[in-house]
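Read off the chains here:
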Amino acid sequence: LDGKTICDMSIKFENMSGLFAKTGGAHSCAIIEGESFIAFEEDVSRNNCVDKMIGRILKDDIDMSHKILMTSCRISGEIMSKIVRAGINSVVSVAAVTSLAVELAQKYNVTLLGFTRGNRFNIYTNKDKVK
């Protein structure tokens, strides 16, 4: 994962949600490949938003091996469990990450970044995979 690209994409991502702009209370998820968004979903519920994206991945048979799930959601243990079961190996959130999510990410080798805003982010797992 390239740190500069992640920061650039997070800025673009934050401006994509029409539902958040209208309501101030919505979550978004996107699939990123390189410097492109290939899928985008939003919902008022963070769980529903992640579920919609996982459904999209399954429906469209998207290979996640070299892609990133970017989300506005707080990454909880429950959300990380869904991510692991869906075969997603890289997650970037603009929000917080819980300690259980970090434990699960470590256990299942998921690269996890949080508090991705502007030109900064926190790396919680697989620091060696982020340049």
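Now for a description of the structure that goes with this document. (Residues numbered from 1 in each chain as written. Predicted model: local features only at pLDDT ≥ 70, side-chain atom pairs only at ≥ 80, totals over all residues. Heavy atoms only, no water.)

**Focus on the pairing of strand S4 (residues 90-93)**
Across the two faces of S4 the burial is the same, with Ser90 and Val92 and Val91 and Ser93 all buried. Of the pairings in the sheet, the one linking strand S3 (residues 68-71) to S4 comprises 3 bridges and is parallel in character. Bridging from a neighbouring strand, Met70 pairs with Val92 of S4. The pairing of S4 with strand S5 (residues 111-117) spans 3 bridges and is classified as parallel. (Buried < 20%, exposed > 50% of the residue type's maximum accessible area, 1.4 Å probe, protein only. Helix = DSSP H or I, 4+ residues; strand = E, 2+ residues; numbered from the N terminus. Pairing = 2+ DSSP bridges.)

**Here's the deal with the environment of Met16**
On the secondary structure map, Met16 appears in the loop between helix H1 (3-14) and helix H2 (18-23). Residue classification places Met16 among the partly exposed residues on the basis of a relative accessible area of 32%. The spatial distance from the C-alpha of Met16 to the C-alpha of Ser72 is 11 Å, given a sequence separation of 56 residues. For Met16, the contacting residues outside a window of four places in its chain are Phe37 and Phe40. (Contact = heavy atoms within 4.5 Å.)

**Quick look at helix H4 (residues 77-85)**
Taken residue by residue, H4 has Gly77, Ile79, Met80, Lys82 and Ile83 as its buried positions. Check the buried side of H4 and you find it contacts helix H3 (46-59), S3, S4, helix H5 (99-107) and S5. After H4 finishes, the residue Gly87 shows a positive phi value of roughly 80 degrees.

**Examining the pattern of salt bridges**
Overall, the coordinates contain 7 salt bridges when judged by the stated rule. Between Lys52 and Asp43 there is a salt bridge, with its nearest N and O atoms 3.0 Å apart. A residue is classified by how much of its surface remains accessible, and Lys52, at 36% relative accessible area, is partly exposed. As a salt-bridge pair, Arg56 and Asp60 come within 3.1 Å of each other at their nearest N and O atoms. The exposure class assigned to Arg56 is partly exposed, which follows from its relative accessible area of 24%. Relative accessible area serves as the criterion here: at 37%, Asp60 is assigned to the partly exposed category. Residues participating in the shared-partner salt-bridge network are Glu41, Arg56, Lys59 and Asp60. (Salt bridge = Lys/Arg side-chain N within 4 Å of Asp/Glu carboxyl O.)

None of this, on its own, says anything about what the molecule does.
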